[in-house]
Amino acid sequence: DLDSPLETSQLLSSIASTSAELLLSHSIIDGQPIEGQLQPSYNPADNSQLIGHYSKADNQSIEQALASATAAQPSWDQQGSATRADLLNKVADLLERDCSQLMAVVSIEAGRTLDDGISEVREAIDFCRYYALQAKALINGPVHGHGVFLCISPWNFPLAIFVGQIAAALAAGNTVIAKPAAQTPAIAATAVRLFHEAGVPTAALHLVLGSGSQIGQLLIPDSRAAGIAFTGSTHTAQTINQQLAQRPGGPIPFIAETGGQNCMIVDSTALPEQVVDDVITSAFESAGQRCSALRVMFIQDDIADNTLQMLAGAMLSMTAGDPRELASDLGPVIGRGAQTELQAHIDRMHREAKFIAKVELDSSHSNGSYVTPHVFEIDSLDQLTEEVFGPVLHVATF
């Protein structure tokens, strides 16, 4: 409860303690960290602040993970759904136990605010408990795992989606090789250690860190990879789909969640105050870096001027800053690359659309990868050629 001084005092103390330590992340194969050449990680809220190091898996380690997961899958499958459900509930208990530490890592590594962090950990817990229930429902059914699942997760939900993919695959009797986003290795390593602590066999869950192209080229064509769960860009999903199509035999299970243009339609019966509240929550929280974030609002022209004026006023009360501070409503985007792409789109919108409003950024945060919320009125959806993955809202009237 962020409105409780006692709880927030304990939370901020824990986050300060976690933030003071450098994060160290390696691939985890058969429960053991596989050390390699260290790469630096920097805080997206302050790109000059070193927050830790990580190392990438080499080809030999990736092969070891695949061989181990393949050998372990039959025994993991034979443990039965009830046993796997109990283990997932233990994982959920550990996520609850370590909530503040998990929030700290998500904040410093992915730039998420404390409010975002609470939602992130809660969703990870919900995934574990949900798939535990689903596993128990399979007790009397002739359901078995496919084999080894490759779980490829994104940086925008570095704990929730990462944990959800793994929990689903394990619950169904599959073993897992988890490949997190390159930007968020520390939260992934922390989560895998909790799975192992809960009792998930180390041979049933492996963590491989590295580039998607390197790991994908090795694992996707391999017949021992029985299925893939993926969350990321549509382009990457299409590439994986084409790679799988080249494998001999029947279709390979491929579960993909990708991007798009999420729209809200607002007619004259809508309550403007509720519209503004929902727009800010959907379009700007998590710095707009959600697959479900609002990108385009179609609003009836009868109420457009009043509602947009109200939205601009509400945006004046928003504060962008260090996501580890309670006063911050908005954190940075994931990195300089994303910041540059979003700024290029904002510059184009200033030329091609009507500027409505934006949130100002204090000059003290110039070292961070910040992109503050912007609102533009466009003439046509054709002006958006791809998903703009950040806090930019486009408005069209009808």
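Note that the structure is predicted; figures quoted are calculated from it, not measured. (Residues numbered from 1 in each chain as written. Predicted model: local features only at pLDDT ≥ 70, side-chain atom pairs only at ≥ 80, totals over all residues. Heavy atoms only, no water.)

Considerations on the sheet that holds strand E1 (residues 23–25)
In space, the three strands of this open sheet follow the order E1-E5-E4, with mixed pairing throughout. Of all the strands in the sheet, the pair left with one neighbour each is E1 and strand E4 (38–43). Averaged over all pairs of adjacent strands, the angle between their axes in this sheet comes to 35°, without regard to strand direction. Here E4 pairs with strand E5 (residues 46–55) via six bridges, running antiparallel. Bridge pairing in E5 links Ser41 to Gly52. (Pairing = 2+ DSSP bridges. Helix = DSSP H or I, 4+ residues; strand = E, 2+ residues; numbered from the N terminus. Axes fitted to C-alpha atoms, helices over the stretch in contact; angles between N-to-C directions.)

Considering helix H1 (residues 5–19)
Between its first and last C-alpha, H1 extends 21 Å over 15 residues, near the 21 Å set by a 1.5 Å rise per residue. Taken together, the buried positions of H1 are Thr8, Leu11, Ser14, Ile15, Thr18 and Ser19. Buried residues in H1, looked at end-on, bunch into an arc of 130°, giving them a common side. Seen from the buried face of H1, the exposed residues on the opposite side, beyond 90 degrees, are Pro5, Leu6 and Gln10. At its buried positions, H1 is contacted by helix H4 (99–110) and helix H5 (114–137). (Expected span 1.5 Å × (residues − 1). Buried < 20%, exposed > 50% of the residue type's maximum accessible area, 1.4 Å probe, protein only. Arc of directions from axis to C-beta. Contact = heavy atoms within 4.5 Å.)

Notes on the packing of aromatic side chains
A complete count under the given rule lists four aromatic pairs for this structure. Seen from their ring centres, Phe127 and Tyr131 are 6.1 Å apart, and the 10° between their planes marks the pair as stacked. Of this pair, Phe127 and Tyr131 are both found in helix H5, four residues apart, which corresponds to roughly one turn of the helix. Among the aromatic residues, ring-to-ring pairing joins Phe127, Tyr130 and Tyr131 into one connected group. If you follow Arg84 out to its NZ or CZ, it ends over the ring of Trp76, 6.0 Å from the centre. Over the ring of Phe157 we find Arg112, and its NZ or CZ is 5.7 Å from the ring centre. (Phe/Tyr/Trp six-rings, centres within 6.5 Å; stacked < 30°, edge-to-face > 60°. Lys NZ or Arg CZ within 6 Å of the ring centre and 35° of its normal.)

Let's talk about the sheet that holds strand E12 (residues 296–299)
The five strands are arranged E11-E12-E15-E14-E13 in an open sheet whose pairing can be described as mixed. If you trace the sheet from one side to the other, it starts and ends with strand E11 (263–266) and strand E13 (354–358), each paired once. Neighbour-to-neighbour, the strand axes of the sheet open up by a mean angle of 20°, direction not taken into account. Sitting on the sheet, helix H12 (residues 336–352) is in contact with E13, strand E14 (374–377) and strand E15 (392–397), with an inclination near 35° to E14.

Quick word on the pairing of E11
Bridge analysis of E11 against E12 gives four bridges, and the strand direction is parallel. The partner of Cys263 across the bridge, within E12, is Val296.

As for helix H7 (residues 185–198)
The terminal C-alpha atoms of H7, which comprises 14 residues, lie 20 Å apart, in line with the 20 Å expected from a rise of 1.5 Å per residue. Among the 14 residues of H7, eleven are classified as buried, and the element is accordingly described as predominantly covered. Looking only at H7, the buried set comprises Pro185, Ala186, Ile187, Ala188, Ala189, Ala191, Val192, Leu194, Phe195, His196 and Ala198. A positive backbone phi angle near 115° is found at Gly199, which sits one or two residues after H7.

Regarding the nonpolar core
Counting 53 residues, the largest nonpolar core has Leu95, Leu159, Phe162, Val163 and Phe195 as its most contacted members. When residues in this core are grouped by element, the largest group, nine residues, is from H7. When neighbours within four sequence positions are excluded, Phe162 is seen to be in contact with Ser153, Phe157, Ala178, Pro180, Ala188, Ala191, Val192 and Leu207. Counting 25 residues, the second largest nonpolar core, distinct from the first, contains Val279, Leu308, Met318 and Tyr370. (Core = buried A, V, L, I, M, F, W, Y, C linked by side-chain atoms within 4.5 Å.)

Quick word on the packing of H5 against helix H6 (residues 160–171)
In contact at an axis separation of 8 Å, H5 and H6 are set at 10° when each is read in the N-to-C sense. The orientation of H5 with respect to H6, classified from their angle, is roughly parallel. Contacts between H5 and H6 involve Glu120, Glu123, Ala124, Phe127, Cys128, Tyr131 and Ala135 from the former and Ala160, Val163, Gly164, Ala167, Ala168 and Ala171 from the latter. Partitioning the contact of H5 with H6 into residue classes produces ten nonpolar, one polar and two charged. (Parallel < 35°, antiparallel > 145°, perpendicular 65-115°, else oblique. Nonpolar A, V, L, I, M, F, W, Y, C, P; charged D, E, K, R; others polar.)

Observations regarding the state of the cysteines
Counted by the stated rule, this structure contains zero disulfides. Looking at Cys99, it has no disulfide partner, and the nearest cysteine sulfur is the one in Cys128, 13 Å off. The closest cysteine sulfur to the non-disulfide-bonded Cys151 is located on Cys128, 12 Å from its own sulfur. The buried category is assigned to Cys151, whose relative accessible area is 1%. (Disulfide = S-S within 2.5 Å.)

Overview of the pattern of salt bridges
Applying the stated criterion across every chain yields a total of eleven salt bridges. Between Glu197 and Arg97 there is a salt bridge, with the nearest N and O atoms lying 2.9 Å from each other. Here Arg97 lies in helix H3 (residues 81–97) and Glu197 lies in helix H7, a separation of 100 residues in the sequence. A relative accessible area of 48% places Arg97 in the partly exposed class. Here Glu387 makes a salt bridge to Arg295, at a shortest N to O gap of 3.3 Å. Of the two residues, Glu387 sits in the loop between E14 and E15 while Arg295 sits in the loop between helix H10 (272–284) and E12, which places them 92 residues apart along the sequence. (Salt bridge = Lys/Arg side-chain N within 4 Å of Asp/Glu carboxyl O.)

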